[in-house]
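# Examination of the molecular architecture
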Amino acid sequence: MKNIFFVFLSLGAAVLITLFQPYGHMSFSAREMEPGAMASGHFRQAVTLIHSSPVTVTKLYENGSLLAVVSDEAMLDNHLKEVYKNKYEKDFPSSKVYLSKELYLTKEKSYCSYEDIDEEIISYLDENNMYSVLATAVSLSNDEGEYARFFVSNEEVYQRAFREYVCLFISEESLDTLQNGESVPELTTYGTRDMGISIAQKVSLSEDYASPEDIKTTVDEVVDYLAYSGKEEREYYTVKMYDTVAGVGARTKGLTAAQIMAINYRKIKSIDQVLKEGEELCITYFSPMIDVVVYKEALRSETVYYGTVVVEDATMFKGEQETRVEGSNGSRNVLYSEKWNNGILLQGVEKSSIETIHPTDEVIAVGSMEYPDVGTGSFRFPVDNPNISCPWGCYYGHRGTDITNRYEPWGKVFAADRGVIKENSFNYISGNYVIIDHNNGYESYYGHMRVPSPLPVGTVVDKGEVIGDIGMTGRANGPHVHFFINEFGERRDACSGFLDCDSLR
């Protein structure tokens, strides 16, 4: 009779299922329709009771599959609070803990009640660390939509890190001035001033739960992520005796002193800082998550080179020459508008200029129309828009001056003075190089040119005449001209009495 009773009970339940289906989602299987049956799910809970009408149960799913039926949801909530207090409150203050992203709870209708295994469920959660912490989600997006998302412990940590990251490319003083809408002080001497700053991407913050292992809790972690997009590969250089900040960049990746200082901002506070022998410096430049664009104005003093006027004097023998008027260079102040992206100069455009000293042309009388091949004894920079990337001695054994074109990295190379092409060749250190003999005891040297100079040995060149293109052949880490002067056979620093290098600072 007992078996017959359960048969009728099961049939009655089936009728109720059919009649009350619209009541709501009801989850069960035929084998769960009697006490003692094992429910589906990870824990295989036993059915303890069959109801004549559906009841609400709380089910816990993992990655879309049933894990278990929770008997006391309040007990689970209390356990989450205990987990937060005992395990996460120290690292994540003012936060809370919830189940991990793989888990979710649902309310469902069922005719069955199940055995209470809440303690087993909690043990399973603890053993597998299946918890998430409420954190600040940082979303980065561009015109194509969101391209990155990461988590920080709270908004304050992110804001501090974001400011520290931005200040790798702009001074704190300038940043505060621009953010407060104040006027930027006018340039009263040579140098630069920051005129504006923008972030190329959109950054938005929100609250969300994340695995504790995925949450960045320190300012340094966030700055490193913004600077290197989460990539951990770095190259390092061990400082040698006599190394300078500029020298480290020049002999490794061709980075500027400012860039070496930026990527080692915890260690280097000035480009003139004395480096400690044996110190490890990072030489891998940023691969940023966001683009910090800084707009600058730069006031520079530039040399206006004098020209040479040749006049024929019929009273002089052929081949004779005489300087009638000594040439002298002039100068001008030039204001440039510059655009920098993540510490890299993208563009420089001349806004205005004023001539401060007018040049005086050199006048030479010659006994024929042949152009003289003897130098003037004064030298011009071998490139336009000159910038010293690595001065004489910027690292041990560096006997020359590395000069770049600030705005045209692959621009033209010019003869520093009048003379004759003495050598036009190649070696594994200097790459394509040219030596000009000025026939007055001086020679000038031009290394790392992009391609061999088109001028053959013996060609007479005038001061300022194009002799080739800036390059990085040979042992070079970036486009520049390796330049020095030979004075009666002795190699000399071009910035020691030959070129006005002080005007570039």
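Please refer to the structure placed before this passage.
Residues numbered from 1 in each chain as written. Predicted model: local features only at pLDDT ≥ 70, side-chain atom pairs only at ≥ 80, totals over all residues. Heavy atoms only, no water.

### Examining the environment of cysteine 282
In this fold, cysteine 282 is placed in strand 11 (residues 280–282). Separated by 34 residues in sequence, cysteine 282 and methionine 316 place their C-alpha atoms 64 Å apart. With residues near it in sequence (within four places) discarded, cysteine 282 still touches Tyr228, Arg234, Glu235, Tyr236, Ile260, Ile263 and Asn264. (Helix = DSSP H or I, 4+ residues; strand = E, 2+ residues; numbered from the N terminus. Contact = heavy atoms within 4.5 Å.)

### A closer look at the layout of surface pockets
Taken as a whole, the second largest pocket spans an internal volume of roughly 520 Å³. If you go around the second largest pocket, you meet 20 residues; those closest to its centre are Tyr395, His398, Ile429, Arg475 and His482. In terms of residue class, the lining of the second largest pocket is made up of 7 nonpolar, 8 polar and 5 charged. (1 Å grid on protein atoms, 1.4 Å probe; cavity = no way out; pocket = protein on both sides within 12 Å on 5 of 7 lines; lining within 4 Å. Points joined across faces, edges and corners; volume = space filled by probe spheres on them. Nonpolar A, V, L, I, M, F, W, Y, C, P; charged D, E, K, R; others polar.)

### Some remarks on the sheet that holds strand 4 (residues 103–114)
In space, the 3 strands of this open sheet follow the order 2-1-4, with antiparallel pairing throughout. Of all the strands in the sheet, just strand 2 (65–70) and strand 4 have a single pairing partner and so form its edges. Each strand axis lies, on average, 35° off the axis of its neighbour in the sheet, ignoring direction. Pairing of strand 1 (residues 47–62) with strand 2 involves 5 bridges; the strand directions are antiparallel. Across the sheet, residue tyrosine 61 finds its bridge partner in strand 2, namely leucine 66. (Pairing = 2+ DSSP bridges. Axes fitted to C-alpha atoms, helices over the stretch in contact; angles between N-to-C directions.)

### Thoughts on the packing of aromatic side chains
Within this structure, the stated rule accounts for 20 aromatic pairs. Here phenylalanine 379 and phenylalanine 498 contribute two aromatic rings whose centre-to-centre distance is 5.9 Å and whose plane-to-plane angle is 80°, an arrangement assigned as edge-to-face. Remark: phenylalanine 498 occurs in the segment after strand 27 (490–492) and phenylalanine 379 occurs in the loop between strand 17 (362–366) and strand 18 (386–390); sequence separation between them is 119 residues. For the pair phenylalanine 379 and phenylalanine 498, a shared accessibility class is recorded, and that class is buried. A centroid spacing of 6.1 Å and a plane angle of 50° characterise the contact between tyrosine 442 and phenylalanine 488, whose relative ring orientation is tilted. Of this pair, tyrosine 442 sits in strand 23 (residues 442–449) while phenylalanine 488 is found in the loop between strand 26 (481–487) and strand 27, placing the two residues 46 residues apart along the sequence. The class for phenylalanine 488 is exposed, based on a relative accessible area of 63%. Grouping aromatic residues by their ring pairs yields a cluster made of Tyr165, Phe169, Tyr228, Tyr285 and Phe286. A cation over an aromatic ring shows up here: arginine 491 above the ring of phenylalanine 484, its NZ or CZ 3.9 Å from the ring centre. (Phe/Tyr/Trp six-rings, centres within 6.5 Å; stacked < 30°, edge-to-face > 60°. Buried < 20%, exposed > 50% of the residue type's maximum accessible area, 1.4 Å probe, protein only. Lys NZ or Arg CZ within 6 Å of the ring centre and 35° of its normal.)

### Details of the side chain of threonine 252
Tracing the backbone through its elements, the reader meets threonine 252 in the loop between helix 7 (245–251) and helix 8 (257–263). For threonine 252, the side chain forms a polar contact with the main-chain oxygen of valine 248, separated by 2.5 Å. Discounting residues that sit within four places of it in the chain, threonine 252 has contacts with Tyr237, Ile283 and Asn477. (Polar contact = N/O pair within 3.5 Å; in protein donor to acceptor, adjacent residues only side chain to side chain.)

### A look at the pattern of salt bridges
Scanning the entire structure with this criterion turns up 27 salt bridges. The residue aspartate 243 makes a salt bridge to arginine 251 at a minimum N-O spacing of 3.1 Å. On the basis of relative accessibility, which here comes to 30%, the residue arginine 251 falls in the partly exposed class. A salt bridge links arginine 324 to aspartate 313; the shortest N-O distance between them is 2.6 Å. Residue arginine 324 is located in strand 14 (residues 321–325), and its partner aspartate 313 is located in the loop between strand 13 (308–312) and strand 14; the two are separated by 11 residues in the primary sequence. In this structure arginine 324 comes out as partly exposed when scored by relative accessible area, which is 41%. It is possible to trace a salt-bridge network through shared partners that takes in Glu186, Arg193, Glu297 and Lys351. (Salt bridge = Lys/Arg side-chain N within 4 Å of Asp/Glu carboxyl O.)

### Let's talk about the sheet that holds strand 13
Sheet architecture is open: 3 strands sit in the order 13-17-14, paired in mixed fashion. On the outer flanks of this sheet lie strand 13 and strand 14, each paired with one strand and no other. Pairs of neighbouring strands in the sheet enclose a mean axial angle of 30°, with direction left out of account. Relative to strand 17, strand 13 runs parallel, the two being bridged by 5 bridges. Residue valine 309 lies in a different strand from strand 17, and its bridge partner there is valine 363.

### Let's talk about helix 4 (residues 155–166)
End to end, helix 4 covers 16 Å across 12 residues, agreeing with the expected 16 Å (1.5 Å per residue, within 8%). By the burial criterion, the buried members of helix 4 are Val157, Tyr158, Ala161, Phe162, Tyr165 and Val166. For helix 4, the arc enclosing every buried residue in end-on projection is 155°, short of the 170-degree limit, so these residues lie on one face. Taking the backbone nitrogen of glutamate 156 as reference, a side-chain oxygen 3.1 Å away marks asparagine 154 as the first, capping residue of helix 4. (Expected span 1.5 Å × (residues − 1). Arc of directions from axis to C-beta.)

### Remarks on a nonpolar patch on the surface
Among the surface-exposed residues, Met241, Tyr242 and Tyr396 lie close enough to one another that they form a single nonpolar patch of about 400 Å² accessible area. Residue class for tyrosine 396 comes out exposed when judged on its relative accessible area of 62%. (Patch = residues over 30% accessible without salt bridge, like charges linked within 9 Å, V, L, I, M, F, W, Y side chains within 5 Å. Areas by Shrake-Rupley, 256 points an atom, 1.4 Å probe, with all protein chains shown as cover.)

Don't take any of this as a statement about function, it's just geometry.
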